[in-house]
Amino acid sequence: MYISLNELRQRVTIHRPVTTVDEVGNLVEGGEEEVATVWAKVFPYAAKITDGYAEKVDEVNYRIIIRYRDDVKVTDIIRWRSHRFVQTAPTYDVRSNRQYLVMEVRELIEDGETV
C-alpha cells in the first residue's frame, strides 16, 4: 500500500475510554478523554448487512491511515466527522519503517442510526 503525506486530508480525533475504580473495587466507565487530533486518510473497504433473529445490523469497515504514533491502543475510539469507530484489530505499520500507521475500524449502524 502506497501512501504519501498529501493524502492525509481528514482530521480524526483519537479518544481513550476512562475507567475508575469505585469503593467496592468495580471498574466504572467515566466517559472518554481526547488523546490526539491528527491528519488522516479515511476510506471504507467493506460493508456487511446482517439480518439476525432480533434485528437488522448494517456494518461498515474502514481503514484509517495516520502518521506513525506509538501511543495508539486497540481500545481507543476514533471520531471522524459524525462517525464513531471502534478498532477491530491491533494497529500496524504500513512498511515497517515507522512512517505510517494503519487502523482497522468498524462503524455499526443499527436501524438507520449510527452507534
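Bear in mind the structure is a predicted one, so any value in this text is a computation, not a measurement.

Cut-off values and rules
All chains use their own residue numbering, which begins from 1 and follows the written sequence. Per-residue local features are limited, in this predicted model, to residues with pLDDT of at least 70; the limit for side-chain atom pairs, both in listing and counting, is 80 or more; totals at the level of whole chains, interfaces and linings are taken over all residues. Hydrogens and waters are ignored; side-chain quantities use all the structure's heavy atoms. Put simply, a nonpolar core is a bunch of buried Ala, Val, Leu, Ile, Met, Phe, Trp, Tyr and Cys residues held in one set by side-chain atoms that sit within 4.5 Å of each other. Under the scheme applied here, a residue whose accessible area is under 20% of the maximum for its type counts as buried, over 50% as exposed, and between as partly exposed, the area being computed with a 1.4 Å probe on protein chains only. Strands here are runs of E lasting at least two residues and helices are runs of H or I lasting at least four, both read from the DSSP assignment and numbered beginning at the N terminus. The working definition used for a salt bridge is a side-chain nitrogen of Lys or Arg within 4 Å of a carboxyl oxygen of Asp or Glu. pLDDT gives the predictor's per-residue confidence on a scale running from 0 to 100. Paired strands, in this sense, are two strands between which DSSP finds at least two bridges. Side-chain rings of Phe, Tyr and Trp, where Trp is taken by its six-membered ring, are said to pair if the distance between their centres is within 6.5 Å; with planes under 30 degrees apart they count as stacked, over 60 as edge-to-face, and otherwise as tilted.

Caption draft 1: Geometry of the nonpolar core. Val12, Ile64, Ile66 and Ile78 are the most contacted members of the largest nonpolar core, which has 17 residues in total. Secondary-structure elements contributing two or more residues to this core are β1 (10-21), β2 (27-51), β3 (56-67), β4 (77-80) and β7 (100-110). If you look at the next biggest cluster of nonpolar residues, it comprises five residues, including Ile3, Leu8, Ile65 and Tyr100.

Caption draft 2: Region of interest: the pattern of salt bridges. Taken as a whole and judged by the stated rule, the model has six salt bridges. A salt bridge links arginine 79 to glutamate 32; the nearest nitrogen and oxygen atoms lie 3.2 Å apart. Taken together, the residues span a long stretch of sequence, with arginine 79 in strand β4 and glutamate 32 in strand β2 at a distance of 47 residues. We classify arginine 79 as partly exposed; its relative accessible area is 32%.

Caption draft 3: Representation of the confidence of the model for the protein within the structure. Predicted confidence across the protein gives a mean pLDDT of 85, with 83% of residues reaching 70 or more. Within the protein, strand β8 (residues 113-114) has the poorest average pLDDT of any element, 56, and β4 the best, 94.

Caption draft 4: Spotlight on the pairing of β4. Bridge analysis of β1 against β4 gives three bridges, and the strand direction is antiparallel. Counted as the bridge partner of threonine 13 is arginine 79 from β4. Where β4 lies against strand β5 (residues 83-87), four bridges are found, and the strand directions are antiparallel. Pairing of isoleucine 78 across the sheet is with phenylalanine 85, part of β5. Turn length for the β4-β5 hairpin, with the two strands adjacent in sequence and antiparallel, is two residues, and the turn residue arginine 81 shows positive phi of about 55°.

Caption draft 5: Molecular detail of the environment of valine 86. You can see valine 86 is positioned in strand β5. For valine 86, a relative accessible area of 33% translates into the label partly exposed. Residues valine 86 and methionine 103, spaced 17 residues apart in sequence, show a C-alpha to C-alpha distance of 9.7 Å.

Caption draft 6: Representation of the packing of aromatic side chains within the structure. By the definition in use, this model includes three aromatic pairs. When the centroid spacing of 6.4 Å and the interplanar angle of 65° are considered together, the rings of tyrosine 62 and tryptophan 80 count as edge-to-face. Taken together, the residues tyrosine 62 in strand β3 and tryptophan 80 in strand β4 connect sequence positions 18 residues apart. Take tyrosine 62 and tryptophan 80: they sit in the same class, and that class is buried. Judged by centre distance (6.5 Å) and plane angle (20°), the rings of tryptophan 80 and phenylalanine 85 are stacked.

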